[in-house]
Amino acid sequence: MGDFNLALVIVAIVVCVLVFLFNIYLLVNYQHPDDANQAYFPKFVVVLGLSIASISILMLPADVANRQACRHAIYNGACNFTLPMRDLWLAIYIVDAVLVFFVIPFAMFYYEGDQDKSVGKRIKSALLWVITTAIVCALVLGILYGLVGKVDFTIRHLSSSTTSFPTSWEFSSSQQCIGSGTHQCSAYSASASSEKTWTMRTTFPEYVVALATIVGSVLFSIFGGVGIACLPLGLIFSFIRRPKAVITRSQYIKEATELGKKARDLKKAADALHQEERSGSKGRKWRKNVKAVEKELLQLEDDVKALEEMYPQGEKAETTWALTVLGYLAKLVLGILGLIVSVAWIAHIVIYLLIDPPLSPFLNEVFIKLDDVWGLLGTAAFAFFCFYLLLAVIAGAMMLGLRLVFITIHPMKWGATLMNSFLFNVGLILLCSISVIQFCATAFGYYAQATAAQEIFGHTLESLRGIKYLYKYNVFQIAFIVLAGLTFIYYAAFGWRRRRPSGRFQLSS
């Protein structure tokens, strides 16, 4: 038993180191050249935030493995030598909340501050914003915790008369208890009037995690519902809309000339906005035009990339075209596999969560059977489904951000991502990761039973006063399914349309 626990600790340490190194690799390769050898504090926050998000997703499979470490214990107290998962959960989510609501906003305010100001003034300005936010959050949390920071558990009071200890044991489906007559020891035979409500005050860290989960659940139900459909269908329809053949040189010149004209117009608009910023007149109209320029720049970059795919150039043009074809085939394969996973997720939500009582444990049974084949196979599949859900959230956020523009656009591009975009996306991932874990702990409650995560997210959170009704009536799950269905319909109606380079720049002055 001790060897198993030691191995689990070693694996956890190795995984944490690998996650940290991988996030450094992402930062180095995604960062914009303008941020090279500077902005070290935002970079540290990005690496830390990505590491916390990744580790939090991996902690649920670790929690399951930690539970299995003492499942077959032959002596009392064996579970006392396993990892303290409850304390680890609370610690990592408190760090998550601090990063999302304080550290990342401070880093963004500092990074986006007026470059003409001194470092001290930029730090002062960022601190003022963060301190104001901290005071407001502290007041709201304190008032809510004092008023409704309690959990209401429904319990059933059982009582029975005494009976003589039997000389022989005869138990069956009809004789489940000691003695004869009505089986008072069975909770199912108790009257409904025996149900009572047991109220207790939750701990403040658990309450902070609960409120952060509610905020994340709103975003999760929107972004996750859209992303669970657009992630695989986006890949599949990208293959359908792929360029079927190389265009002619005359077509390339015509399209390139049009895109060059739009690029010059865009540069003039950007220069005018920069001049307006220097003059100090940054009003609502200025911010609206900045967002419009950002959107048009992204669309122009997509047009240029599509044009380069249609007309590869250079000495290895044929090789480039072959790689382009193979890339679209890979998208098709990944899209089909992703579609299978997405359909499995939606079916599991309907079968196991929305129907009461559940029709079947479904994926829970799959993971258990995989564990029977090999000890960590079910845990690995479990981790994959959790990670896929987080990827769906990111895909949904990018799609809605580009289509509806109700959030600031912060795209992630290889070798061209500024630190403010990094920080925004890391904050979004951290905020939604809490809800992904809570959702997975609920959706896979049969497989993850008796874990610390289920105790926090499956019992305390879903019994919290004022919040429990959102989970009692499956508000987030229903919103998730509805948005997934609408996204499927959207792609079925419009996803097949092929987009060609068109230079859609229409920025008003």
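Our subject is the structure that appears above.
Residues numbered from 1 in each chain as written. Predicted model: local features only at pLDDT ≥ 70, side-chain atom pairs only at ≥ 80, totals over all residues. Heavy atoms only, no water.

Caption draft 1: Representation of unusual backbone geometry in the model. Despite not being glycine, phenylalanine 362 has its phi angle at roughly 50°, a positive value. Of note, phenylalanine 362 is situated in the loop between helix H8 (317-354) and helix H9 (363-373). Of note in this structure, asparagine 474 is not a glycine but carries a positive phi near 55°. Note on placement: asparagine 474 falls in the loop between helix H13 (468-472) and helix H14 (475-494). Since its relative accessible area comes to 16%, asparagine 474 is described here as buried. (Helix = DSSP H or I, 4+ residues; strand = E, 2+ residues; numbered from the N terminus. Buried < 20%, exposed > 50% of the residue type's maximum accessible area, 1.4 Å probe, protein only.)

Caption draft 2: Molecular detail of the state of the cysteines. Evaluation of the coordinates by the stated rule reveals zero disulfides. Just so you know, cysteine 386 is unpaired, no disulfide at all, and the nearest cysteine sulfur is the one on cysteine 440, 3.2 Å from it. Residue cysteine 386 is classed as buried on the basis of its relative accessible area of 0%. Residue classification places cysteine 440 among the buried positions, given a relative accessible area of 0%. (Disulfide = S-S within 2.5 Å.)

Caption draft 3: Molecular detail of the packing of aromatic side chains. All chains considered together, the criterion is met by 19 aromatic pairs. Each ring, one from phenylalanine 41 and one from phenylalanine 106, has its centre 5.9 Å from the other, and the planes form 75°; the classification is edge-to-face. Of the two residues, phenylalanine 41 sits in helix H2 (residues 40-68) while phenylalanine 106 sits in helix H3 (residues 85-111), which places them 65 residues apart along the sequence. Here the basic side chain of arginine 201 rests over the ring of tyrosine 145, its NZ or CZ set 5.3 Å away from the ring centre. In this arrangement the basic side chain of arginine 242 is found over the ring face of phenylalanine 239, its NZ or CZ atom lying 4.0 Å from the centre. (Phe/Tyr/Trp six-rings, centres within 6.5 Å; stacked < 30°, edge-to-face > 60°. Lys NZ or Arg CZ within 6 Å of the ring centre and 35° of its normal.)

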